[in-house]
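# Report on the structure
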Amino acid sequence: MNIEQLQYICMVARTNSITVAAENLYVTQPALSESIKKLEKELGVVLLERTPNGVYPTAFGLEIVEISQRILSDAHLIEHKARAY
């Protein structure tokens, strides 16, 4: 698991679309899909429910998104403090 994957899962949850998330993150849709699938495999859980009407976090996926948002916020705080130092 890495910061990039956490950013990806948060953006997909925010947009409910792999395609829109990929555009917002400036990555290709296949690269984003593959990264999320790798994260799901690593964790051994399904994080996203893929439907014809969009992509939605599973119940566990929502928990992961909440935790990921906190981690990403802390990572930005570290970057900000490092620049100020």
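What comes next is a walk through the structure. (Residues numbered from 1 in each chain as written. Predicted model: local features only at pLDDT ≥ 70, side-chain atom pairs only at ≥ 80, totals over all residues. Heavy atoms only, no water.)

### Some thoughts on the overall build of the protein chain
Cut-off, in case you're wondering: Put simply, DSSP H or I for four residues or longer makes a helix, DSSP E for two residues or longer makes a strand, and each gets a number counted from the N terminus. Working definition: with a 1.4 Å probe on protein chains only, accessible area under 20% of the residue-type maximum means buried, over 50% means exposed, and in between means partly exposed. Residue contacts are defined here by distance: any two heavy atoms, one from each residue, within 4.5 Å place the two residues in contact. Computed with the Shrake-Rupley method and a 1.4 Å probe, the accessible areas treat only the protein chains shown as cover for residues. His is not counted, nor are the chain ends, whereas Lys and Arg count as positive and Asp and Glu as negative. Charge positions come from single atoms, namely NZ of Lys, CZ of Arg, CG of Asp or CD of Glu.
Within the protein chain, the regular secondary structure consists of four helices and two strands. Counting helices and strands in the order they occur from the N terminus, the protein chain gives α-α-α-β-β-α. Dimensions of the protein chain, computed from the C-alpha atoms along their principal axes, are close to 50 × 25 × 20 Å. Residues counted as buried form 35% of the 85 residues belonging to the protein chain. Looking at the protein chain alone, contacts between residues at least 24 apart form 48% of all its contacts between residues at least 6 apart. Only carbon and sulfur atoms are counted for the fraction: they give 56% of the accessible area of the protein chain, which is about 5700 Å². For the protein chain, the distance from the average site of its 8 positive side-chain charges to the average site of its 10 negative ones is 3 Å.

### Brief notes about the pairing of strand 1 (residues 48-51)
Under the convention used in this document: Pairing between strands requires that DSSP locate at least two bridges from one strand to the other.
Bridging between strand 1 and strand 2 (residues 54-57) involves four bridges; their strand directions are antiparallel. Residue pairing in the sheet places Glu49 in a bridge with Tyr56 of strand 2. From the end of strand 1 to the start of strand 2, which pair antiparallel, there are two residues.

### Points about unusual backbone geometry
Here the phi dihedral of Asn16 falls at roughly 55 degrees; this positive angle occurs in a residue that is not glycine. Mapping Asn16 onto the fold places it in the loop between helix 1 (3-15) and helix 2 (18-25). With a relative accessible area of 26%, Asn16 lands in the partly exposed category. Even without glycine at this site, Tyr26 takes up a positive phi of about 60 degrees. Summarising the element assignment, Tyr26 is placed in the loop between helix 2 and helix 3 (29-43). Judged by its relative accessible area of 77%, Tyr26 falls in the exposed class.

Function cannot be read off these values alone, since they describe shape.
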